[in-house]
Protein chains: 2
Amino acid sequence: MRRAEDHPSRRAFLGAGAAVLAAGLTAGCEPGSAQPGGEAPATIAPVPPTGPHQAGIILPQEAQPNLLAVVADLADGVAVGPLLAELGAAIRTLTAGTDARLLGLPPADLTVTIGIGPRLVRMADPSLPGATDLPEFSRERIAPHARGGDLLVQVCACDPVVLPIAAAALLGQAGDRARERWRQSARRGSTVPVDQGITAPRNVFGFIDGIVGPHTTEQRQRDLWLAGPAPVAGGAIAVLRRMELDLPRFAALPVAAQEAVFGRRRDTGAPLSGGAIAADPDLGAKTPDGRYLIPADAHLRRAHPTTVGVGLMLRRSYSIDEPAPGLLFISFQNDIRTFTSTLTRMDNGDALLPFTTTTASASFLILPGFDDQRPLGATLFR
Amino acid sequence: MRRAEDHPSRRAFLGAGAAVLAAGLTAGCEPGSAQPGGEAPATIAPVPPTGPHQAGIILPQEAQPNLLAVVADLADGVAVGPLLAELGAAIRTLTAGTDARLLGLPPADLTVTIGIGPRLVRMADPSLPGATDLPEFSRERIAPHARGGDLLVQVCACDPVVLPIAAAALLGQAGDRARERWRQSARRGSTVPVDQGITAPRNVFGFIDGIVGPHTTEQRQRDLWLAGPAPVAGGAIAVLRRMELDLPRFAALPVAAQEAVFGRRRDTGAPLSGGAIAADPDLGAKTPDGRYLIPADAHLRRAHPTTVGVGLMLRRSYSIDEPAPGLLFISFQNDIRTFTSTLTRMDNGDALLPFTTTTASASFLILPGFDDQRPLGATLFR
């Protein structure tokens, strides 16, 4: 075992002067090897902001450990198209590290993901995906300001200090045109490899979260990305739900009872029906005395796409410890019913649900990717 | 430059079954090298909870990137001594990884630091250090519940998910005897080496924070640790202040104007009078045309121990992005006047102060270290 004193500056970077900043090494993410010669250590790989999809959904492949989500409303009469185009331009200068508003911090793997809420989608075209407000569900305790919203600014990075700075720059770009409703800071802890290079983090119940999902290109084409109409093709529907988790009550359960709630092993993430973490659960498997290995009310069973009869949901959730221990649930899918049908099914007897209280809820049309030829939000608003 | 796809699981650990958890590798802190043979990767060094001082003040030497501070009040009539002894015992099982309430997560470098507020100190002995409430200062906007408090539970770790779990276990231990007042989740970003193995992080203004402090053993004996009386020897006085920082207004300044506010270079942290980051500022140095290199109202000058006439203050602050971008200022010292005199001096013309609004404020007597022979809080309360 290595000891702390062997690493007096284990998250620090060597170098002097401007090179320190240029190095781009941030705490928390793959520290570069120190270069005694004063050379810049290895940097964290940047994530291109442009392309067919926005960054922050499947890129980087392993989600950064820090996230800040800000939900804002737009003022009446705001020209949405120009605002989105400006945000796209700001995302490019921020992630390129050429934006003075980043105060000299290296952006490294900063990603920004922009979504628009149902009201704005309806303004563009009420027949578009994302035009419908999320319904109310059970176990919600949501203040009016924390339900819905016009604009999602999701910022992720290895360096947690980059998040509020980048968000402030983007909100500053919007200026009086946007008014913040709520924000949530969140984190991912240790992760476990699942499959196809996908990893999943542990939540505050100690269980691995987000194992099942559209991990292959084919699955993503089918269940994640919107295929059309043209102005939204390459986008997705996002659901954000902040939920408090009843940690004292859950932690008081024996481990076997905790595992029965999830339908998975706590240590490995394997389904209680056996196999590796990524194994398909055998929902019919029973003990010799006839009980389901994955209980009838286990979360894995109730929320499984096969049970619900929907496509795969990409979950990229983050844990929170404020205002209370919990989860900032984040899912991406190309059909809002993937989420609503799953939660409806959970409402009818998922053992995990009674441990949750949802305190914020919103859905957004995540805009398609953008580039030189196609500004963010182009063709949706003119 | 390395690319993300070369590191499909860069924060993940290899292994299977229970070995995954036993490995103890957490996101964000010195990932161990993957062991293709399935062996456990290197772990993060644990921090002993016992000793002459509590952990989380100068140990680990580099503060962990994640912090959760919870401030609670005690119910009337609570037997404080037994409660503190129980908390100390819980800290030992939590940090040893033998506490089921940690839900199987490896504690790794988890530290817990316990402080008691002025009301409790006065109950023990009104003549003790820490018995006086912090006065009000300018630029405060503090809700009643966010001023003062009886009990500080400061939890720090590399793995952010460990924080709410450990805090819930400790608050659960207190049960009805404690009532939470406020909590703040906070983070440190990239750090820069300062001196003596000490590193300092950047704040949300992009400047390096916490450069000057008691970094040597001699300085710590003189200015950090309480020498007596016996029940508090080895303890310290902590000040916690949550402050919002006016990021839009600061970021709009030219870099030279930002540097004049701090009195330091933004990139290197060096004093504007020259030298390396750890160099003593030359407060008398002037330009050829007679202006101070470190302006009269620069934070470095106004808050410098030499200017204020106090001892060195150990700052171990963390950045926040919620409820707004800012700083959870945390200082440790053996005389509350080290803090109050500094802030009074800043009130009289520190250029940084107008960019701050303090929204929570409390001071605590940090209890001395504990061990088998000396339970936490022993001899203070009987």
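Residues numbered from 1 in each chain as written. Chains lettered and ligands numbered in written order. Predicted model: local features only at pLDDT ≥ 70, side-chain atom pairs only at ≥ 80, totals over all residues. Heavy atoms only, no water.

### Focus: unusual backbone geometry
Only a minority of non-glycine residues have a phi that is not negative, and only a minority of peptide bonds are not trans.
Thought 1: Here L59(B) and P60(B) are connected by a cis peptide whose omega angle stands at -5 degrees.
Thought 2: In this structure, P60(B) sits in the loop between α1 (18-23) and β1 (66-74).
Thought 3: A cis amide bond links G228(B) with the next residue in sequence, P229(B), at an omega value of 0 degrees.
Thought 4: With respect to the helices and strands, P229(B) occurs in the loop between α5 (217-223) and β7 (236-245).
Thought 5: Positive phi is not limited to glycine here, since R139(A) has a value of about 60 degrees.
Thought 6: Counting through the fold element by element, R139(A) comes out in the loop between α3 (118-124) and β3 (151-157). (Helix = DSSP H or I, 4+ residues; strand = E, 2+ residues; numbered from the N terminus.)

### Details of helix α10 (residues 336-347) of chain B
Residue and element names in this part refer to chain B.
Thought 1: Over its 12 residues, α10 extends 17 Å from the first C-alpha to the last, a length consistent with the 16 Å expected when each residue adds 1.5 Å.
Thought 2: Every buried residue belonging to α10 is among T338, F339, T340, T342, L343 and M346, and all of these are buried.
Thought 3: Buried residues in α10 make contact with β7, α8 (299-302), α9 (305-308) and β10 (326-333).
Thought 4: For α10, the N-terminal cap is D335; the gap from its side-chain oxygen to the backbone nitrogen of R337 is 2.9 Å.
Thought 5: Positive phi shows up at G349, right after α10, with a value of about 115 degrees. (Expected span 1.5 Å × (residues − 1). Buried < 20%, exposed > 50% of the residue type's maximum accessible area, 1.4 Å probe, protein only. Contact = heavy atoms within 4.5 Å. Polar contact = N/O pair within 3.5 Å; in protein donor to acceptor, adjacent residues only side chain to side chain.)

### Considerations on the UniProt feature "domain: Dyp-type peroxidase N-terminal" (unreviewed entry) in chain A
Thought 1: Sites flagged by UniProt as "domain: Dyp-type peroxidase N-terminal" (unreviewed entry) map to residues 54-184 of chain A.
Thought 2: Helix makes up 28% of residues 54-184 of chain A and strand 22%. Its end C-alpha atoms lie 20 Å apart. (UniProt positions renumbered as here; feature names shortened; annotations may be inferred.)

### Topic: the side chain of S185(A)
Thought 1: Tracing the backbone shows S185(A) in strand β4 (residues 178-187).
Thought 2: Only 3.3 Å separates the side chain of S185(A) from the side chain of R187(A), close enough to count as a polar contact.
Thought 3: Polar side-chain contacts of S185(A) include one of 2.8 Å to the side chain of D321(B).
Thought 4: Here S185(A) is in contact with L67(A), L68(A), I320(A), R187(B), D321(B) and E322(B), once residues within four sequence places are set aside.

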